[in-house]
Amino acid sequence: MDEQAEAGVAGPDASPKPMSAEAVTWAFRYLIGREPASAEEVEAHRHMPDLDTMRRVFANTWEFFDFYDRALDNSASYGMPLFLMRPPADPGFPFRFEPPNLDNPVGQFCTMSQFDDPAFVEIAEAMGMAPTQTRRSWEQAWIVSMLATAGMIEPGRRGLGFGVGRERIPALLASRGVAVLASDTPHESPEVPLPPGTHLMALFHPEILHLTDFEQLVGYRPIDMTSLPVDLDGQFDFCWSASAVDRLGSIAAASQFLEDSLRVLRPGGLSLHTLAFNIRSDLVTMEHPGLTLLRRRDLEALAEQLQVMGHELLPVNFHPGLHPLDGEVSIGPHAPPRPKQRHAGLVFTSFGLAIRKAA
């Protein structure tokens, strides 16, 4: 009974008692290998209902995995798993396995060598941003490269962007004469509405195009990605999203959106999406509102479903890269950027997925 009280466990009819400072301190030592940084940090953890809850909270921090990996001496290494290399069971799955590039893009991973591609530097300059070696920069470059390769960046085309945030892609497309409808998940508080045009003007980048062209060619509309409006069906030549699929909460929701996104396209239209891809396991993965990691098996299941409907998954290249830095894994918020990142014992990177709607 004394041990329960010390750990903050109350009787069946009592309210949970705060855990002792000593119990919290030992949890820090055992679970993440350090002392609490301050008394405030201890106090913030004392009000968790029990030690099991605290363990789960620690288990979702980068410090936990850094401590765990340092103990095993494998914190920054990644080896190519066999499940990425194996040929698909379905001969109709458009499988490739070769070092990817941005000059002739297909569905592919973010890899270090692509940051040296002339296409990456050219696209970064066109969008008025420094060619930083981050997954976010690669995702935007991959989307633009795919659109350019497919002949979609020309006057008269129409594109729809999902979850755009402050992306530069709408401004770049408009500078080439493409009409763009940008969207993001509705999250505005009805009690404190934002001034009209706030979301739209966040997409304006004067170093890319003139305000007159921007106002003429770029529009904004809040769109729930889990329930696409029917009035958008068949209105666009292409659509895209960058890391928005990751935040839909589950693999089922992500797969459903990827399928539903084809509704907004004209026949033969192109649907492009970058997403977080599990490159550690084809079995164990993560499904969380803040991060969902798709696996190879999920793409193969999606491809089969799309084929039944007459759509086409464009070639998929599962090669994770040969550059020395492709073998390193970024751990923690202050680590140098790398294409591969660790989370919850898994390793993931960005993957670009391309789907063509039935003609």
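Rules used throughout
Residue numbers here run from 1 along each chain, matching the order of that chain's written sequence. Given that this is a predicted model, residues contribute local features only at a pLDDT of at least 70 and side-chain atom pairs are listed and counted only at 80 or more, while totals for whole chains, interfaces and linings are drawn from all residues. Only hydrogens and water are set aside when side-chain values are computed; all heavy atoms of the structure are taken into account. Secondary structure elements are defined from DSSP: runs of H or I of at least 4 residues count as helices, runs of E of at least 2 residues count as strands, and each element is numbered from the N terminus. Think of it in three bands: with a 1.4 Å probe and only protein chains considered, a residue is buried below 20% of the maximum accessible area for its type, exposed above 50%, and partly exposed in between. Residue contacts are defined here by distance: any two heavy atoms, one from each residue, within 4.5 Å place the two residues in contact. Note on areas: Shrake-Rupley with a 1.4 Å probe; residue coverage comes only from the protein chains shown. Any carboxyl oxygen of Asp or Glu within 4 Å of a side-chain nitrogen of Lys or Arg constitutes a salt bridge here. Whether two strands pair comes down to DSSP finding at least two bridges between them. What qualifies as a polar contact is a pair of N or O atoms within 3.5 Å, subject to a donor-acceptor requirement within protein and to the restriction that residues adjacent in sequence count only when both atoms come from side chains. What the arc covers is the set of directions going from the helix axis to the C-beta atoms. On a range of 0 to 100, pLDDT expresses the predictor's confidence in each residue. Note on geometry: axes are lines fitted to C-alpha atoms, helical ones only across the stretch in contact, with angles between N-to-C directions running from 0 to 180 degrees. To sort the angles, those under 35 degrees are grouped as roughly parallel, those over 145 as roughly antiparallel, those from 65 to 115 as roughly perpendicular, and the leftovers as oblique. By the definition used in this description, the sense in which the near helix is turned from the far one sets the handedness, with an anticlockwise turn below a right angle giving left-handed and a clockwise turn giving right-handed. Side-chain classes are defined by residue name, with Ala, Val, Leu, Ile, Met, Phe, Trp, Tyr, Cys and Pro counting as nonpolar, Asp, Glu, Lys and Arg as charged, and the others, Gly among them, as polar.

Participant: Mind showing me how you'd approach the overall build of the protein chain here?
Facilitator: Within the protein chain one finds 13 helices and 13 strands. The burial tally for the protein chain puts 47% of its 359 residues in the buried class. Within the protein chain, residue pairs in contact and separated by at least 24 positions form 69% of the contacts whose partners lie at least 6 positions apart. Here the protein chain displays about 16,800 Å² of accessible surface, and carbon together with sulfur accounts for 55% of that area.

Participant: Even after reading the chapter, I still don't get the pattern of salt bridges, so can you show me in this structure?
Facilitator: Side-chain pairs of opposite charge can arise where the charged atoms are in close proximity. Scanning the entire structure with this criterion turns up 17 salt bridges. The residue E41 makes a salt bridge to R34 at a minimum N-O spacing of 2.8 Å. Note on R34: relative accessible area 24%, which makes it partly exposed. A single salt-bridge network, built from bridges that share partners, covers R86, D282, R296, R297 and E300.

Participant: What am I meant to see in the pairing of strand β13 (residues 346–356) here?
Facilitator: The side chains of a regular strand alternate between the sheet's two faces. By the criterion of burial, β13 is predominantly enclosed, with 10 of the 11 residues buried. Summarising the sheet, strand β2 (residues 108–109) and β13 pair through two bridges and their orientation is antiparallel. Bridging from a neighbouring strand, Q108 pairs with G352 of β13. Judged from the nine bridges that link them, strand β7 (residues 265–278) and β13 form a sheet pairing that is antiparallel. Residue pairing in the sheet places F277 in a bridge with T349 of β13. Pairing of strand β10 (residues 312–313) with β13 involves two bridges; the strand directions are antiparallel. Each residue of the ladder has a partner; that of L313, found in β13, is I355. As judged from the three bridges shared by strand β12 (residues 341–343) and β13, these two strands associate in the antiparallel manner.

Participant: Help me understand the environment of S350, please; the structure alone is not making it clear to me.
Facilitator: Assignment of secondary structure puts S350 in strand β13. Residue S350 is classed as buried on the basis of its relative accessible area of 0%. Remark: the alpha-carbon pair of S350 and R135, spanning 215 residues in sequence, is separated by 6.4 Å. Engagement of the side chain of S350 in a polar contact is seen with the side chain of R135, the distance being 2.9 Å.

Participant: Looking at this model, I keep getting lost on helix α3 (residues 39–46). Mind explaining?
Facilitator: Structural remark: α-helix, 3.6 residues per turn; residues separated by three or four positions point the same way. Buried residues of α3: E41, V42 and H45, and no others. One side of α3 carries all its buried residues, which in axial view fall inside an arc of 100 degrees. α3 presents A39, E40 and A44 as exposed residues on the side facing more than 90 degrees away from its buried surface. Contacts made by the buried residues of α3 are with α2 (21–32) and α4 (51–58).

Participant: Before we go on, may I ask you to explain the side chain of E167 in this structure?
Facilitator: Mapped onto the fold, E167 is located in the loop between β3 (158–162) and α9 (169–175). Among the polar contacts listed, one links the side chain of E167 to the side chain of W240, at a separation of 3.0 Å. Those residues within four positions of E167 in sequence are excluded, and the remaining contacts are R136, Q140, L203, H205, W240 and A242.

Participant: Got a minute to help me understand the side chain of K340 in this structure?
Facilitator: Here K340 lies in the loop between β11 (316–317) and β12. From its side chain, K340 meets the backbone oxygen of D326 in a polar contact 3.1 Å long. Once you skip the residues sitting within four places of it in the chain, K340 turns out to touch Y78, I279, P320, D326, E328, V329, S330, V347, F348 and T349.

Participant: How should the confidence of the model for the protein chain be read in this particular structure?
Facilitator: Should the pLDDT be low somewhere, the predicted coordinates at that spot are not to be read in detail. Of the residues in the protein chain, 88% have a pLDDT of 70 or more, and the chain-wide mean is 87. Low pLDDT, under 50, characterises residues 1–14; the stretch is placed with 14 contacts to residues that sit more than four places away or in other chains.

Participant: I tried to follow the packing of α2 against α4 on my own but got confused; where do I start?
Facilitator: The angle between the axes and the distance between the axes are what describe a pair of packed helices. Packing of α2 against α4 brings their axes to within 11 Å, and their N-to-C directions diverge by 40 degrees. As judged from the angle between their axes, α2 and α4 are oblique. For the crossing formed where α2 meets α4, the hand is right-handed. For the pair formed by α2 and α4, the contact residues are V24, A27, F28, L31 and I32 on the first element and M54, R55 and F58 on the second. A per-class count over the contact of α2 with α4 returns seven nonpolar, no polar and one charged.

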